[in-house]
Amino acid sequence: EFQVALKFQSFEIENHDQCTYDYVEIRDGHAPDSPIIGTYCGYKLPPDIKSSGTKLMIKFVSDGSVQKPGFSAIFMKEFDECALEDHGCEHTCKNILGGYECSCKIGYELHSDGKICLDACGGILNTPNGTLTSPSFPDLYIKNKTCIWEIVAPPQYRISLNFTHFDIEGNNLFQSSCEYDNLTVFSKIGDSFKSQGVFCGSKLPPVILS
């Protein structure tokens, strides 16, 4: 079943706190006592509006003084594309007026096709401070994934890495080699790398200073 959608493009109607003088009234249905969705005046665009059924009533009232340019709005038939099984969104479908948009869980990014979600991790970080997380955190991380972050500080600065959450398969407290899942931290000077530690298990690693 279709609904009616209304999208305002311009809006300039005499302003009043209670919209007593000039106003646009929108009701959810054709009956005079249909629920009022909103009464609008002033210069701010009303929000996008959608009926709950197949009918929408728009009523414009102006009094005997103060004229303004008025309003312009487009209307369209609308239905929830996300309710269909063939919308194609891999993770999440969000219904919008006249169509729909796909979005992805944290740790993923939307493919150029607008539907498929790709694992997103790694990259170069060069802000004074910030946060990085494993893919999908706080949900379970992805199988068979390698993520490499490079954190870069200006000359004469050092980098501090402070862990707030940590839960990775394994336990290096008991001389386990973290051979399955692990996090390795390196300091880089020029082209050479110095290991700052290999970590797994559920104990927070210490604060690491480059």
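Residues numbered from 1 in each chain as written. Predicted model: local features only at pLDDT ≥ 70, side-chain atom pairs only at ≥ 80, totals over all residues. Heavy atoms only, no water.

An unreviewed UniProt entry lists the protein chain under the name Dorsal-ventral patterning protein tolloid-like, with Diaphorina citri given as the organism.

**Here's the deal with the sheet that holds strand 5 (residues 57-61)**
Paired through backbone hydrogen bonds, the strands of a sheet run either parallel or antiparallel to each other. Note the cut-off: Strands are treated as partners if at least two bridges between them are detected by DSSP. Helix and strand labels come from DSSP, where a helix needs a run of H or I of at least four residues and a strand needs a run of E of at least two; each type is numbered from the N terminus. Only C-alpha atoms enter the line fits that serve as axes; for helices the fit covers just the stretch in contact. Angles between N-to-C directions range over 0 to 180 degrees.
The strand order 3-2-5 describes an open sheet built from 3 strands, whose pairing is antiparallel. Here the strands that pair on one side only, and so sit at the sheet edges, are strand 3 (36-40) and strand 5. Across the sheet, the mean angle from the axis of one strand to that of its neighbour is 10 degrees, orientation sign disregarded. Bridging between strand 2 (residues 23-27) and strand 3 involves 4 bridges; their strand directions are antiparallel. Paired with Val24 across the two strands is Tyr40, which belongs to strand 3.

**So, the side chain of Asp22**
Quick note on the threshold: Residue burial is assigned from relative accessible area. The probe radius is 1.4 Å, only protein chains are included, and a residue is buried under 20% of its type maximum, exposed over 50%, and partly exposed in between. Charge counting follows a simple rule: Lys and Arg are positive, Asp and Glu are negative, and His as well as the terminal groups are ignored. Salt bridge, as used here, is a side-chain nitrogen of Lys or Arg placed within 4 Å of a carboxyl oxygen of Asp or Glu. N or O atoms within 3.5 Å of each other form a polar contact, as long as, within protein, one can give a hydrogen and the other can take it, and as long as residues adjacent in sequence are counted only when both atoms are side-chain atoms. Residue contacts are defined here by distance: any two heavy atoms, one from each residue, within 4.5 Å place the two residues in contact.
With respect to the helices and strands, the residue Asp22 is situated in the loop between strand 1 (3-12) and strand 2. As a buried residue without a salt bridge, Asp22 has its nearest oppositely charged side chain in Lys68, at a separation of 8.8 Å. A distance of 2.8 Å separates the side chain of Asp22 from the backbone nitrogen of Asp63, its partner in a polar contact. If we ignore the near neighbours within four places in the chain, the residues touching Asp22 are Ile13, Glu14, Cys41, Val61, Ser62, Asp63, Ser65 and Val66.

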